[in-house]
Amino acid sequence: MGLTFPCEIISWHVLPAVRREITKYLVTEKRVTRKIVSKKLGLTEAAVCQYLKAKRGGNYSFNDSDLRKIKKMADIMMESDKGFDGLCVVCKEFDAPYEMMEKNGVRRVAL
């Protein structure tokens, strides 16, 4: 079995689920068009449609605290033309990465 970095698990499982939640929030609650959401996320409109239908983004469910953070990220994203000034907010702020790491047998090591 090869070495799996936590960032790999996050990119495979958590980030797609974050995109799914951002897409759902912006389209259903904020009434942003799919075209604008696709441009902001750097996706095709077809990918946005797949996130909305949960064909992308996996089946990970976020807790209420994480969902509030995702919505805040989405609001910031919509106000900015340059992206986020805080890098790796998912790794630092969400419980999801740690849950996914444990689920996939990756243990945390303090350096």
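Thresholds, definitions, all that
Residues numbered from 1 in each chain as written. Predicted model: local features only at pLDDT ≥ 70, side-chain atom pairs only at ≥ 80, totals over all residues. Heavy atoms only, no water. Helix = DSSP H or I, 4+ residues; strand = E, 2+ residues; numbered from the N terminus. Buried < 20%, exposed > 50% of the residue type's maximum accessible area, 1.4 Å probe, protein only. Contact = heavy atoms within 4.5 Å. Areas by Shrake-Rupley, 256 points an atom, 1.4 Å probe, with all protein chains shown as cover. Salt bridge = Lys/Arg side-chain N within 4 Å of Asp/Glu carboxyl O. Phe/Tyr/Trp six-rings, centres within 6.5 Å; stacked < 30°, edge-to-face > 60°. Core = buried A, V, L, I, M, F, W, Y, C linked by side-chain atoms within 4.5 Å. Arc of directions from axis to C-beta. Axes fitted to C-alpha atoms, helices over the stretch in contact; angles between N-to-C directions. Left-handed = near helix turned anticlockwise from the far one by under 90°. Nonpolar A, V, L, I, M, F, W, Y, C, P; charged D, E, K, R; others polar. Polar contact = N/O pair within 3.5 Å; in protein donor to acceptor, adjacent residues only side chain to side chain.

A.B. asks: Give me the lowdown on the overall build of the chain, citing residues and values where you can.
C.D. replies: Along its length, the chain carries 6 helices and 0 strands. When the 111 residues of the chain are sorted by exposure, 33% land in the buried category. Contacts spanning at least 24 positions in sequence make up 68% of the contacts within the chain whose residues lie at least 6 apart. Summing over all exposed atoms, the chain offers an accessible surface of approximately 7,600 Å²; the carbon and sulfur share of this is 52%.

A.B. asks: Describe the pattern of salt bridges, listing the residues and the values that go with them.
C.D. replies: A full pass over the atoms with the stated rule returns 4 salt bridges. A salt bridge links R20 to E21; its shortest N-O distance comes to 3.0 Å. For the pair shown, R20 and E21 are each scored as buried. Among the ionic contacts, a cluster of salt bridges with common partners joins R20, E21 and K24.

A.B. asks: Can you explain the packing of aromatic side chains? Please cite residues and give values.
C.D. replies: Applying the stated rule across the entire model yields 1 aromatic pair. Ring centres of Y60 and F62 lie 5.0 Å apart, and the angle between their planes is 75°; on these two criteria the pair is classed as edge-to-face.

A.B. asks: Describe the nonpolar core, listing the residues and the values that go with them.
C.D. replies: Membership of the largest hydrophobic core comes to 18 residues, with the highest contact counts inside it found for V18, I22, L26, V37 and F62. Sorting the residues of this core by element identifies α1 (6-29), α2 (34-41) and α4 (64-79) as the ones contributing at least two each. Sorting elements by how many residues they give to this core places α1 first, with 8 residues.

A.B. asks: I'd love a proper account of α2, names of residues and values included.
C.D. replies: Among the residues of α2, those classed as buried are V37, S38 and L41. The arc that holds every buried residue of α2, seen down its axis, measures 100°, which confines them to one face. Buried positions along α2 lie against α1, α3 (45-52) and α4. Phi turns positive, to about 70°, at G42, one or two residues after α2.

A.B. asks: Could you give an account of the packing of α1 against α2, naming the residues involved and the relevant values?
C.D. replies: One way to put it is that α1 packs onto α2 with a least axis distance of 10 Å and a crossing angle of 145°. In terms of crossing hand, the pair formed by α1 and α2 is right-handed. Across the interface between the two elements, R19, I22, T23, L26 and V27 of α1 pack against R34, V37 and L41 of α2. Split by residue class, the contact of α1 with α2 holds 5 nonpolar, 1 polar and 2 charged.

A.B. asks: Outline the side chain of T23, supporting the account with residue identities and numerical values.
C.D. replies: With respect to the helices, strands and loops of the structure, T23 is situated in helix α1. A polar side-chain atom of T23 sits 2.8 Å from the main-chain carbonyl oxygen of R19. What T23 contacts, discounting residues up to four positions off in sequence, is V37, L41, V48, Y51 and L52.

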